[in-house]
Amino acid sequence: MNILVVGGAGYIGGVVAQQLVEAGHEVFVFDNLVKGHHQAVPEQARFISGDLVNMDDINQALDLAQADAVFHFAALIEAGESMKKPALYFRANVSNTLNLLESCVTHNVKRLVFSSTAAVFAASDAPLTEMSPIQPANCYGETKLMVEQMLRWFNSVHGLRYGVLRYFNACGAYGPRGEAHTPETHLIPLTLQAATGQRPYITVYGTDYPTPDGTCIRDYIHIYDLATAHLRALDYLADHETITCNLGTGTGYSVREVIDMARKVSGKSFEVRESERRPGDAPRLVASSDLARRELDWQPRYTLLEDMVGSAWEWMVRHPNGYPS
Ligand SMILES: NC(=O)c1ccc[n+]([C@@H]2O[C@H](COP(=O)([O-])OP(=O)(O)OC[C@H]3O[C@@H](n4cnc5c(N)ncnc54)[C@H](O)[C@@H]3O)[C@@H](O)[C@H]2O)c1
């Protein structure tokens, strides 16, 4: 199939683009490189420089790609920043996505797979299923929920088939592609940067949460498994209208457990500082991914924290400064 990967120069989009190439698809990557890296784009994919804010850019990309399907990763992704600059996030994540959806309809795109997030859910002690209460705690989560709602109407009015994949915490590396956000806000790379000495210390925000060791618990999913689920979702949409599902392993790890594992896999010691809770951080976010396992016939390969942090560490050792600029 011809596939347009929007945001395919980013961390997750680059790995999905690579797996699509490996599966034999004709892959086009559309990205403005505001956060992405040229090196993350597979060599066999055709890179199209463009910005979702600009309808002409999107229309030209879809004219060129003649895409049967679109994967949509492009977004601003920092929950904390979204609480300081909501307008920026609603424009970048909602209004830009509307441009893309409009263009998909006029170009007769049949299937779209969208990157959503665990941040659409209300916090819960129990594993989150697709039926769990929805209540974003930050503007970032709200923008993703708004796109989910737009997709429902684009399906019912225009017949655009969609997969909404609600990721928990992506981590690890796949071949030459790894996590290199600027600024980095994710716990595993931040902790490993403390291990390499690129950061003087790692901060733990909140040690009095109602969890066994008092720190927040999150569900981590390896980038390989996350990407595999996207390819399954693409196939699923060949004979289904829609799917909305969670992608995690179902196991939660605390901030302290991640820090201890970073010490173990790196063999380095580093300073850990404790700080106040941050507003909007839920004590525990863990996925039930039964629906993805059942409907997409998907099974995560990496479930142990050691393998996930180890994968991120190996990449960081090989790329101490991220991608070369
Ligand atoms: N990283 C995670 O753990 C995680 C968790 C849940 C959901 N998600 C979602 O997954 C998606 C990908 O996340 P990521 O970690 O790969 O982020 P990323 O920042 O590495 O990738 C996003 C890509 O989109 C591009 N982009 C942004 N705005 C654009 C625009 N207007 N036009 C064209 N390109 C644009 C960026 O240049 C970048 O290459 C995002 O939608 C994010 O919300 C990520």
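Note that the structure is a prediction, hence the values are computed from the model and not measured.

Asker: Looking at this model, I keep getting lost on the environment of Thr117. Mind explaining?
Answerer: Mapped onto the secondary structure, Thr117 falls in strand E5 (residues 111-117). It is 16 Å that separates the C-alpha atoms of Thr117 and Ala233, two residues lying 116 residues apart in sequence. Once residues lying within four places of it in the same chain are set aside, the contact partners of Thr117 are Gly141, Lys144, Arg166 and Tyr167.

Asker: Just checking my understanding: could you explain the domain arrangement of the protein chain for this structure?
Answerer: Many descriptions give the size of an interface as the accessible area lost when the pieces come together. The domain architecture assigned to the protein chain consists of domain 1 (2-169 + 221-247) and domain 2 (187-219 + 250-318). The C-alpha-based centres of domain 1 and domain 2 are spaced at 24 Å. With 26 residues of domain 1 in contact, the opposing surface of domain 2 contributes 23 residues. Mapped by element, the contributors of at least two residues to the side of domain 1 that touches domain 2 are strand E9 (217-222), helix H7 (223-236) and strand E10 (242-247). Broken down by element, the residue count for the side of domain 1 that touches domain 2 peaks at seven residues, all from H7. Class assignment of the residues belonging to the side of domain 1 that touches domain 2 gives a composition of 16 nonpolar, six polar and four charged.

Asker: How should I be thinking about the sheet that holds strand E4 (residues 69-72) in this particular structure?
Answerer: Two strands in a sheet stick together by hydrogen bonds in their backbones, pointing the same way (parallel) or opposite ways (antiparallel). If you trace the seven strands from one edge of the open sheet to the other, you get E3-E2-E1-E4-E5-E6-E10, paired in parallel fashion. Either end of the sheet is taken by a strand with one partner, and the two such strands are strand E3 (46-49) and E10. Strand after strand, the sheet turns through a mean of 20° between neighbouring axes, direction not considered. Here E4 runs beside E5; their pairing, made up of four bridges, is parallel. If you follow Phe71 over to E5, its bridge partner there is Val113. Sheet strands in contact with helix H5 (residues 139-158) are E5, strand E6 (161-167) and E10, and its direction is about 155° off that of E5.

Asker: How should I be thinking about the packing of helix H4 (residues 86-106) against H5 in this particular structure?
Answerer: Between two packed helices, both the angle of their axes relative to each other and the distance between the axes serve to describe the pair. In contact at an axis separation of 9 Å, H4 and H5 are set at 20° when each is read in the N-to-C sense. With respect to H5, the element H4 is oriented roughly parallel. For the element pair H4 and H5, the recorded crossing hand is right-handed. Residue-level contacts link Pro86, Tyr89, Phe90, Asn93, Val94, Thr97, Leu98, Leu101 and Val105 of H4 to Cys139, Tyr140, Thr143, Lys144, Met146, Val147, Met150, Phe154 and His158 of H5.

Asker: Explain the environment of Asp260 here, please?
Answerer: Inspection of the secondary structure puts Asp260 in helix H8 (residues 255-266). C-alpha of Asp260 to C-alpha of Ile134: the two residues are 126 residues apart in sequence and 32 Å apart in space.

Asker: Is there a simple way to explain unusual backbone geometry in this structure?
Answerer: Peptide bonds are, in most cases, trans, and in most cases residues other than glycine have a negative phi. Between Thr182 and Pro183 the backbone carries a cis peptide bond, its omega angle lying at -5°. Inspection of the secondary structure assignment puts Pro183 in the loop between strand E7 (169-171) and helix H6 (187-196). With a phi angle near 60°, Asn108 is a residue other than glycine that sits in the positive phi range. With respect to the helices and strands, the residue Asn108 is situated in the loop between H4 and E5.

Asker: Sorry if this is basic, but what is going on with the site of the ligand here?
Answerer: With respect to spatial proximity, 27 residues lie near the ligand, and among them Gly7, Gly10, Gly36, Ala75 and Ser115 are the closest. Tallying contributions element by element places helix H1 (residues 11-22) first for the shell around the ligand, with three residues. Here the residues of the shell around the ligand are counted per class, giving 14 nonpolar, 10 polar and three charged.

Asker: Sorry, what's going on with the nonpolar core here?
Answerer: Judged by nonpolar contacts, the single largest core of 104 residues is most densely connected at Leu4, Val5, Val6, Phe28, Val29, Leu247 and Ala312. Here this core spans two domains, since at least three of its residues come from each of domain 1 (2-169 + 221-247) and domain 2 (187-219 + 250-318). When residues no more than four places from it in sequence are discounted, the contact partners of Ala312 are Cys171, Gly172, Ala173, Gly178, Glu179, Ile188, Pro189 and Leu192.

Asker: Would you take a moment to explain H6 for this structure?
Answerer: Working note: α-helix, 3.6 residues per turn, so residues spaced by three or four point in the same direction. Burial runs high along H6: seven of the 10 residues are buried. Taken as a whole, H6 has its buried residues at Leu187, Ile188, Pro189, Thr191, Leu192, Ala194 and Ala195. Residues of H6 that are buried in the fold lie against E7, strand E8 (201-205), H8 and helix H10 (305-318). Just past H6, the residue Gly197 takes up positive phi, approximately 90°.

Asker: Help me out: how do you make sense of H8 in this one?
Answerer: With 12 residues, H8 ought to run about 16 Å at 1.5 Å a step, and its terminal C-alpha atoms sit 16 Å apart, in line with that. Among all positions of H8, only Val255, Val258, Ile259, Met261 and Ala262 are buried. Buried residues of H8, viewed axially, fall in a sector of 165°; they line one side. Those residues of H8 that are buried are in contact with H6, E8, strand E11 (252-254), strand E12 (271-275) and H10. Following H8 by one or two positions, Gly267 has its phi on the positive side, about 70°.

Here is what the cut-offs are and how they apply
Residues numbered from 1 in each chain as written. Predicted model: local features only at pLDDT ≥ 70, side-chain atom pairs only at ≥ 80, totals over all residues. Helix = DSSP H or I, 4+ residues; strand = E, 2+ residues; numbered from the N terminus. Contact = placed C-beta atoms within 7 Å. Domains from an automatic or database assignment. Nonpolar A, V, L, I, M, F, W, Y, C, P; charged D, E, K, R; others polar. Pairing = 2+ DSSP bridges. Axes fitted to C-alpha atoms, helices over the stretch in contact; angles between N-to-C directions. Parallel < 35°, antiparallel > 145°, perpendicular 65-115°, else oblique. Left-handed = near helix turned anticlockwise from the far one by under 90°. Near = placed C-beta within 6 Å. Core = buried A, V, L, I, M, F, W, Y, C linked by C-beta atoms within 7 Å. Buried ≥ 20, exposed ≤ 12 C-beta atoms within 10 Å, placed from the backbone. Expected span 1.5 Å × (residues − 1). Arc of directions from axis to C-beta.

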